[in-house]
Amino acid sequence: AMVDGWLRSRALTGLREINFSYSTVDPQQQQQPPPMPPSALRFTATLRVAKFGYCEFPNEVAPSLKFPHLKELSLVEVTISEDAVHGLLSGCYVLEILLLERNVGIGRLRISSPTLRSIGFSGPWEGEGSEATKFQELVVEDAPRLERLLPLHPDRGPATVRVMRAPKLEIVG
């Protein structure tokens, strides 16, 4: 409630960058991260950079979110559904940098983006989530400006990475 109150402050109106994360705990403890307060998403119209960490993303609102100015999105140790990620990305019209690291809930991710230039990714820590929510496949369907595709921890997945169309791709790994 206290964090939610801070984020609702009128002084933050027009915020361009947010780095929201609860304190992480030992990944071996496998605790469910706390939910992100809805007020953390009230800045969607003005954000340029958004970093969310160690929280449970509100899946039900993700498809309706629009980030018209967001250039960089990082999700690190976030519990989020596959559908929510797809919905979230579809509302990012100018996204250039995407970081998906150690998230739980994404099994297969398909990316089509005319603006993405860099994608960094890895699956969750060993033992996190069920087999159904392990990051198993990343498919880059159409990314004409993609230059970098960076598996951050190849041993954590996904096992399959496919690139269908990325004519400017120069760096993999």
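Further up the page is the structure itself.
Residue numbering note: each chain is counted from 1, following its sequence as written. Given that this is a predicted model, residues contribute local features only at a pLDDT of at least 70 and side-chain atom pairs are listed and counted only at 80 or more, while totals for whole chains, interfaces and linings are drawn from all residues. Heavy atoms from the whole structure form the basis of all side-chain values; hydrogens and water molecules are not counted.

## Section: the overall build of the protein
Step number 1: Within the protein one finds two helices and 10 strands.
Step number 2: Based on C-alpha atoms, the radius of gyration is set beside the globule rule, defined as 2.2 Å times the residue count to the power 0.38. Its C-alpha atoms give the protein a radius of gyration of 16 Å, within 12% of the compact-globule value 16 Å for 173 residues.
Step number 3: Across its three principal directions, the C-alpha atoms of the protein cover 45 × 35 × 25 Å.
Step number 4: The buried share among the 173 residues of the protein stands at 43%.
Step number 5: Across the protein, every contact between residues at least 6 apart in sequence was considered, and the portion connecting residues at least 24 apart equals 54%.
Step number 6: Per element, the accessible surface of the protein, about 8800 Å² overall, is 52% carbon and sulfur. The helix count covers DSSP runs of H or I at least four residues long, the strand count covers runs of E at least two residues long, and both are numbered beginning at the N terminus. Note on classification: 1.4 Å probe, protein chains only; a residue is buried when its accessible area is under 20% of the maximum for its type, exposed when over 50%, partly exposed between these limits. Residue contacts are counted whenever heavy atoms from the two residues lie within 4.5 Å of one another. For accessible areas, the Shrake-Rupley method is used with a probe of radius 1.4 Å. Any residue's cover is judged against the shown protein chains and nothing else.

## What about the pairing of strand β6 (residues 118-121)?
Step number 1: Alternating positions in β6 separate into two faces, Ser118 and Gly120 on one and Ile119 and Phe121 on the other, with burial throughout.
Step number 2: Paired strands are those between which DSSP finds at least two bridges. The pairing of strand β4 (residues 97-101) with β6 spans four bridges and is classified as parallel. Paired with leucine 98 across the bridge in β6 is isoleucine 119.
Step number 3: In the sheet, β6 pairs with strand β8 (residues 148-151) via four bridges, with the strands oriented parallel. Considered in β8, the bridge of serine 118 is made with arginine 148.

## Quick word on the pattern of salt bridges
Step number 1: For salt bridges, the criterion is a side-chain nitrogen of Lys or Arg within 4 Å of an Asp or Glu carboxyl oxygen. Taken as a whole and judged by the stated rule, the model has 10 salt bridges.
Step number 2: Across the pair glutamate 96 and lysine 71 runs a salt bridge whose closest N-O atoms are separated by 3.4 Å. Here lysine 71 lies in the loop between β2 (49-53) and β3 (72-76) and glutamate 96 lies in the loop between α2 (82-90) and β4, a separation of 25 residues in the sequence.
Step number 3: For glutamate 137, the salt bridge is made with arginine 108, and the minimal N-O distance between the two is 3.4 Å. Here glutamate 137, found in strand β7 (residues 137-142), pairs with arginine 108, found in strand β5 (residues 108-112); they are 29 residues apart in sequence, far enough to count as distant.
Step number 4: Since its relative accessible area comes to 14%, glutamate 137 is described here as buried.
Step number 5: Residues joined in a network through salt bridges with shared partners are Lys71, Glu96 and Arg117.

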